[in-house]
Structures are given as C-alpha cells and as structure tokens.
Number of protein chains: 2
Amino acid sequence: MNSSRPVTIKDIARRFRCSPSTVSRALNDHPAINEDTRKNIQEYAKEVGYQRNEVSLSLLNKKTATLGVVVPTIGNYYETAVIEGLHTVLQPLGYTLNICVTNENYLLEKEYLSKLLSNRTEGIFLSVSQETYDAGYYEHLESVIQRKTPLIFIDREYEDFETSRATVDDYHGAFAAVEHLITIGYKNVAHLKGPNGLTVSEQRFKGYRDCLKKYDIAIREELIINTNFQVESAIVPTKRLLDLDSPPDAIFGVNDQVAIGAMRVILDRGLKIPGDIGIVGFDNSPISAYTYPSLTTISRPGRKIGMEASRLFLNQINASGDFAHESIVLPSELIIRESSLRIS
Amino acid sequence: MNSSRPVTIKDIARRFRCSPSTVSRALNDHPAINEDTRKNIQEYAKEVGYQRNEVSLSLLNKKTATLGVVVPTIGNYYETAVIEGLHTVLQPLGYTLNICVTNENYLLEKEYLSKLLSNRTEGIFLSVSQETYDAGYYEHLESVIQRKTPLIFIDREYEDFETSRATVDDYHGAFAAVEHLITIGYKNVAHLKGPNGLTVSEQRFKGYRDCLKKYDIAIREELIINTNFQVESAIVPTKRLLDLDSPPDAIFGVNDQVAIGAMRVILDRGLKIPGDIGIVGFDNSPISAYTYPSLTTISRPGRKIGMEASRLFLNQINASGDFAHESIVLPSELIIRESSLRIS
DNA sequence: ATATCGAATGCAAACGTTTGAAAAAATTTT
DNA sequence: AAAATTTTTTCAAACGTTTGCATTCGATAT
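Bear in mind the structure is a predicted one, so any value in this text is a computation, not a measurement.

Asker: What should I look at first to understand the relation of the copies chain B and chain A in this one?
Answerer: Here the two chain copies are tied together by a rotation about an axis and a shift along that axis. For the match of chain B to chain A, the screw axis carries a shift of 0.0 Å, the RMSD comes to 0.1 Å, and the turn is 180 degrees. Taken together, these values place the two copies in the relation of a two-fold axis. Distance from the rotation axis, computed per C-alpha, reaches its smallest value in chain B at B:N98: 2.6 Å. By residue overlap, the copies meet face to face through one surface: 98% of the interface positions of chain B are interface positions in chain A.

Asker: Is there a simple way to think about the nonpolar core in this case?
Answerer: Taken as a class, soluble globular proteins show a tendency for nonpolar side chains to be buried jointly. If you look at the biggest cluster of nonpolar residues, it comprises 130 residues, and the most contacted ones within it are A:F252 and B:F252. Grouped together as the second largest cluster of nonpolar side chains are 50 residues, A:I83, A:I328, B:V101 and B:F125 included.

Asker: Hey, could you run me through the protein's contact with DNA strand C in this one?
Answerer: Near DNA strand C there are 25 residues, and of these A:T22, B:I9, B:S24, B:R25 and B:Y50 occur at the shortest range. Backbone atoms, meaning sugar and phosphate, make up 61% of the atoms of DNA strand C lying within 4 Å of the protein. The contact in question runs from a phosphate oxygen of DNA strand C to an N or O atom on the side chain of B:S24, over 2.5 Å. Here B:R52 contributes a side-chain N or O atom positioned 3.4 Å from a phosphate oxygen of DNA strand C. Listing elements by their share of the surface near DNA strand C, those giving two or more residues are α2 (20–27) and α4 (54–61) of chain A together with α1 (9–16), α2 (20–27) and α4 (54–61) of chain B.

Asker: It is not clear to me how the layout of surface pockets should be interpreted in this structure. Could you clarify?
Answerer: Regions of empty space are outlined by a rolling probe, equal in size to a water molecule, passed over the atoms. Residue and element names in this part refer to chain A. Here the second largest pocket defines a volume of roughly 1500 Å³. At 5 residues, α4 tops the list of elements feeding residues into the lining of the second largest pocket. Considered class by class, the residues forming the lining of the second largest pocket number 14 nonpolar, 17 polar and 13 charged.

Asker: Just checking my understanding: could you explain the packing of α1(B) against helix α3 (residues 35–47) of chain B for this structure?
Answerer: Pairs of packed helices are described in terms of their axes, by the angle between the two and the distance that separates them. Residues and elements named next belong to chain B. Closest axis-to-axis distance for the α1/α3 pair is 11 Å, and the angle between their directions is 125 degrees. With respect to α3, the element α1 is oriented oblique. Between α1 and α3 lies a crossing whose hand is right-handed. Contact with α1, carried on its side by I12, R15 and F16, involves N40, I41, Y44 and A45 of α3 and no other residues of that element.

Reading guide: rules and limits
- Residues numbered from 1 in each chain as written.
- Chains lettered and ligands numbered in written order.
- Predicted model: local features only at pLDDT ≥ 70, side-chain atom pairs only at ≥ 80, totals over all residues.
- Heavy atoms only, no water.
- Least-squares fit on C-alpha atoms with pLDDT ≥ 70 in both.
- Contact = heavy atoms within 4.5 Å.
- Core = buried A, V, L, I, M, F, W, Y, C linked by side-chain atoms within 4.5 Å.
- Buried < 20%, exposed > 50% of the residue type's maximum accessible area, 1.4 Å probe, protein only.
- Near = heavy atom within 4 Å.
- Polar contact = N/O pair within 3.5 Å; in protein donor to acceptor, adjacent residues only side chain to side chain.
- Helix = DSSP H or I, 4+ residues; strand = E, 2+ residues; numbered from the N terminus.
- 1 Å grid on protein atoms, 1.4 Å probe; cavity = no way out; pocket = protein on both sides within 12 Å on 5 of 7 lines; lining within 4 Å.
- Points joined across faces, edges and corners; volume = space filled by probe spheres on them.
- Nonpolar A, V, L, I, M, F, W, Y, C, P; charged D, E, K, R; others polar.
- Axes fitted to C-alpha atoms, helices over the stretch in contact; angles between N-to-C directions.
- Parallel < 35°, antiparallel > 145°, perpendicular 65-115°, else oblique.
- Left-handed = near helix turned anticlockwise from the far one by under 90°.

This is how it looks when you write it as structure tokens:
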C-alpha cells in the first residue's frame with residue numbers, strides 16, 4: 001500500500017506521446033522546445049507533483065552534492081557550532097551535509113566512512129573518535145585518501161596525517177588561561193584534564209604545563225586528574241583535589257562542563273569562588289556567561305572553524321594541479337568573568 | 001587533477017576478461033560462481049580498493065536507506081538526544097540519517113524537504129520551524145504526503161495534520177512543575193514563556209494556566225513574558241518581573257536555559273533561591289543538576305522520543321494495508337532539586 | 001517543383017549495478 | 001563417442017535522466 005511509484009519523465013512522455021528527451025528539455029527550459037509544449041509539460045508536471053530523481057542524476061553526472069560530517073558527538077556546544085559554520089558556507093552552494101555521529105566508537109566511524117564513500121560523498125569533514133585515537137587506527141582513512149575524496153580534519157586530528165585541517169589553538173588558549181590565574185595571584189593551579197591521547201586534551205595540558213614552567217612553578221602530578229569532558233566526570237576528581245593536604249587554589253578545567261562541575265563541588269564545600277578558589281574553563285559555551293558565578297573561559301570559535309574548514313574543502317576541489325594541504329589554526333581568546341576575578 | 005575515477009565492476013571485468021555479471025556475482029558470493037574466479041576477483045577488488053557504487057544501486061532498487069531528520073536547531077540538549085535515539089534504533093538497520101537544520105527558517109525547511117524527496121529519502125522526521133509554525137504554512141508538507149513518504153512529527157507539530165507523531169507530554173509536565181511550586185508554598189508563580197504559536201510553548205503555558213486555575217489563583221498577565229528559549233532571552237524579562245510592584249516569588253521557565261538565565265538575574269539582585277524565589281525549568285539538561293543551586297526541572301525523554309519515532313516509522317513502512325497513524329505521548333517527570341526546595 | 005533552411009523532436013548511449021534466462025563449457029553417464 | 005547433466009559464464013534489460021547528433025516537418029527561397 002505504501003509508496004506509490006513517483007512520477008517519472010517517462011510517465012509524462014507517455015502522457016504527451018513524446019519522447020523523454022523532449023520532456024527533460026521542456027522541464028529544463030531548453031530553448032529548442034516549442035513554447036506550447038514546454039508550458040503544457042511544465043503545467044502537467046507540477047500538477048502530478050513530478051520531482052526529478054536526483055539519484056539518477058548523481059549516477060549520470062558522478063556528482064552527489066553531498067558532504068559527510070563525521071563527529072564523535074553533537075552533544076556539546078562546540079560541535080554544533082562547527083556544523084553551523086559548515087552549513088553557513090556550504091548550504092548556499094547546494095551541498096547537503098550528512099552528519100554522522102560516532103559516539104567515540106571506532107567501528108562506527110569506520111562504517112560511516114565506508115558508507116560515505118560508497119554513497120559517493122564529495123568530501124568528508126572528520127573529527128576522529130576517541131577509540132580511533134587511542135588505538136592509533138588510521139587504515140580506515142586510507143580508502144578516503146586513495147579515492148582522493150577531500151578529507152578535512154576538524155578539531156581532533158592525527159598530527160602526522162597528510163590532509164588539510166582547521167583547528168583551534170588549544171595550546172595558547174590553555175596557556176593564557178593558566179597565565180591569567182597565575183598573574184591574578186593564584187599559586188597552586190590544578191588541571192582537570194581531558195581523556196589521554198586526544199590532541200585537544202594534550203595540547204591544553206601542554207599549555208598548562210608550559211605556563212607553570214614559565215613561572216617556575218613545579219608541576220604537582222596530584223593536581224592533574226583526568227575527566228571525560230562531561231560535567232559528571234568532574235565531580236569525583238574535584239573532591240579528590242579538595243581533599244589533598246595541600247589543595248589547589250585554582251582549577252583549570254579542560255572545558256566549561258568540567259569547570260562547572262568543579263564549581264559545584266567547591267561551592268558545596270562552602271568555599272568561595274573566586275575568593276578561595278579560582279576557576280577557568282574552555283569553550284565559552286553560551287551557559288558559561290550565566291552560571292553563578294559566571295565562568296572565566298577561553299573562547300573557541302566553532303562557527304569560524306566550520307567556515308574555515310569549508311573554505312579548505314572548496315580550495316581543494318577547485319585546485320588546479322598545484323594543490324597543497326593547508327593547516328588553519330584559529331586563535332582562542334581569554335574571556336575573563338567572575339570565577340577568576342579575585343580582588344587581590 | 002582531483003578525484004581519480006573510482007574503480008567499477010566494469011574495470012574489474014575488463015581486467016579478468018569476463019562479464020560484469022560475473023564480477024558482480026563473485027563479489028556477492030553468488031553460489032554459481034567458480035571458487036577460483038570468486039577468490040581472484042575478490043582479492044583484486046580489495047587490492048584496488050573497489051567500493052560498490054550505492055548510487056547506482058539506489059537507482060536500481062529504488063531504495064536509498066536514507067532518512068531525513070529536519071529540526072530547527074541542534075544546539076539544545078533535547079534535539080541531540082532525539083537524534084541519538086533515532087540513531088540507536090535506525091543505524092543498526094542500515095539507515096543513514098540525513099540531519100537538516102532549518103534555523104527556524106521556513107524557506108530552508110521547504111528547500112530541505114524538497115531536496116530530501118528528490119533524493120528519494122525513505123522517511124522524514126520533522127520538527128517544524130518557528131517561522132513555519134507562525135505563518136501556518138503547510139503546503140510544503142503536501143508533497144511529502146502525496147509521495148507517501150512516511151512523515152513523523154517529533155516535538156513541534158501541527159495538531160490537525162494527519163501523520164504519526166511522538167511528543168512529550170508538555171502539558172502535564174508543566175502542570176506538575178507549577179503544582180510543585182504551589183504545594184511547597186509559593187504564591188505568585190511567573191512564567192517565562194516560549195515563543196507564541198509553538199505547540200511546546202503553548203502546551204506548557206496551558207499547563208501553567210490550568211494549574212493556577214485549579215488552585216484558584218488569578219492569572220496575572222504581567223507575570224507571563226515571552227522568551228526565545230535561549231539563556232540570554234531570559235535576562236530582560238526576569239528583570240522586568242523583579243521590578244514589578246508585586247514581584248513573583250517563583251518562576252517557571254519554559255526550559256532549563258531560560259530558568260538558568262533567570263536564576264542568574266535573581267542572584268545578582270541579592271535574592272535567595274529557593275528562599276526568596278523558587279525556580280523550575282524544563283528539559284532536565286545535563287547541566288541542570290550542577291548549577292548552583294541545582295535546578296528543579298521536568299525530564300523530557302528525548303532519547304526515548306527518538307526511539308519511539310523510529311518505531312512509528314518502522315510500523316508505517318511494514319504496514320500491510322490497514323495502517324493507521326499513531327500518536328505517542330511520553331510522560332514527563334518532575335525532578336526536584338534545590339532551586340525550589342524552600343523549607344517552609 | 002525542388003532545394004534550403006530553421007525549428008522541433010526523437011534516437012541512442014551513458015552512468016554502475018543486479019538478475020532471470022539463455023548459452024557455453026566442463027563433467028558425467030550411457 | 002555421443003548424449004545427458006551439471007557447472008559456469010554471458011546477454012540483455014532495467015532503474016531515471018541528460019545530451020550530442022540525427023531526423024522529421026513545415027515553411028521559405030530559388
């Protein structure tokens with residue numbers, strides 16, 4: 001009962017006792033078609049709700065106007081901002097975005113990539129999943145390369161992989177965050193780190209570490225605890241930090257979620273923010289401006305990343321022979337709010 | 001220079017001096033193919049990275065295994081949870097989700113729907129955009145119906161439209177929220193309402209209104225102010241509420257974002273939550289458990305909605321003649337936290 | 001009346017794959 | 001060695017659309 005066969009050009013041709021070619025030309029306003037014929041056919045097509053089968057066109061032209069966006073999650077502000085940026089540039093050019101969520105799962109990522117290639121996707125924007133990263137897998141990317149489908153890394157990447165990429169300067173952002181805490185007078189800065197192995201985690205950690213070094217502050221391993229980016233994952237680590245004999249007087253969270261979780265624990269202990277403990281997050285998610293206290297954070301221009309990534313893709317497909325991969329690194333910016341503003 | 005033509009079955013056939021049929025059968029493990037032939041062909045195919053062209057298959061079988069998900073935004077927790085739910089059920093069945101974000105824009109919604117149909121999408125999950133709703137447009141849905149492509153409403157819907165739908169019981173959720181505030185002793189409950197016209201906004205508003213009625217509390221128009229669901233949009237309205245001669249002693253926000261924005265303004269004024277003012281949100285977004293104070297809210301099972309919507313879709317395509325549209329309304333649940341827990 | 005021209009339409013191939021039926025090749029049975 | 005049988009392969013059509021080239025059909029010019 002379902003799905004009555006869609007009207008095709010052939011159906012219309014039969015109806016008008018003419019050839020499919022004529023119908024096709026009529027519908028596309030080809031000049032060599034009689035005005036009356038054209039009008040009749042177009043009217044009838046509209047009446048019966050004809051809609052051209054893009055699948056057949058894709059096959060004919062080897063163009064699908066579809067792009068894949070493969071990300072570990074769309075639950076956070078950053079990813080959705082990136083997608084919005086991609087969308088802003090690419091939708092007007094007629095591209096459809098096929099958004100694939102891997103849930104940090106390597107097998108799913110692999111399957112999606114394979115599927116995208118099978119569907120003749122014209123380009124892929126990828127932020128690799130955690131599992132993929134952990135295991136160092138990258139064979140599944142080879143087929144993408146082999147097929148010369150443009151592959152653009154966004155956010156999470158393999159540093160030694162030969163493609164274009166658009167990322168945020170996590171290192172200097174983290175550095176600035178910690179430097180801000182230190183200049184304002186905090187002495188013992190802890191770090192709620194992201195999962196090991198991911199570039200974002202490691203770059204931010206490196207920024208943290210190098211900043212302490214710059215100010216000749218010894219790194220205390222017990223002040224560095226892992227989280228998984230989720231707000232819940234900050235709870236126990238923060239408690240552990242506060243229970244130390246010599247607890248930190250500031251915390252740099254790998255992202256806003258984690259920072260907000262930490263704030264909650266700190267406030268529950270009756271400590272003051274920023275009075276007793278200063279907090280800085282990362283991402284500048286919309287909520288960070290409205291927490292209590294509001295959260296000092298590092299802006300992370302997701303929308304811009306999406307737009308830059310789009311540009312990289314467009315460059316690549318328009319390249320005439322002399323194409324070289326490009327790496328865009330956008331600066332991140334310190335946004336000072338209440339959670340770190342101790343009047344010293 | 002870009003995109004070396006992908007290897008086709010014909011290429012392989014030429015290489016083995018056999019027909020495309022043989023190659024096709026060999027690759028699909030057809031029993032009527034000689035074991036050696038099969039092995040040779042499969043090996044070679046793997047070697048040259050053959051990947052079957054799903055576009056041609058789609059054309060042949062009139063099956064694309066693609067579903068459209070058209071939503072106004074993916075920036076909020078709820079939408080991403082719904083998508084996750086859809087994904088959970090449909091991905092294992094081989095479906096690809098094509099996620100389209102309309103940004104509340106009618107024209108974009110229309111374009112996406114048309115594109116999805118042209119691409120022979122096998123089903124569409126739709127949460128209509130605000131513009132669409134405001135203007136009462138629905139002609140663009142006619143072509144979907146005409147083509148008998150299953151259309152499932154998620155979240156935002158037209159009440160008098162003949163399709164399946166899976167929604168959350170906004171009305172009773174809102175009712176429970178307000179009743180909770182009243183039973184705990186709050187007398188003047190304000191409502192930060194969502195945009196006019198949207199079912200979600202109106203249902204929640206109705207729940208608010210009817211609950212007040214039940215407790216014989218007069219509705220004060222000045223306690224009802226519109227927002228656009230964003231945290232920022234709650235700031236000015238909340239200030240206006242607090243500036244009233246007789247300000248409210250509780251606020252029911254149309255969602256958690258708005259409630260969090262309101263909390264911020266209230267705390268800035270030096271008022272206590274829940275002591276002076278009680279707050280309830282809606283959505284049970286992950287952050288709501290970790291704000292300070294934590295936010296009483298109404299859970300909204302987005303994941304379940306996605307899974308139910310999937311079920312509705314599957315029912316529809318498997319229906320044998322006697323198919324009737326179904327409306328699923330999932331209950332929402334009051335989650336009591338600090339922001340409303342005044343010890344009376 | 002025939003050649004010439006222009007306008008309108010049709011033919012056929014192509015895109016990559018699958019599949020029922022027919023054909024060819026290899027094997028077994030008489 | 002011929003016939004019967006089985007195994008393996010090929011043929012051809014189909015999905016819906018576009019497009020260069022050929023064809024048809026009037027009309028105009030010779």
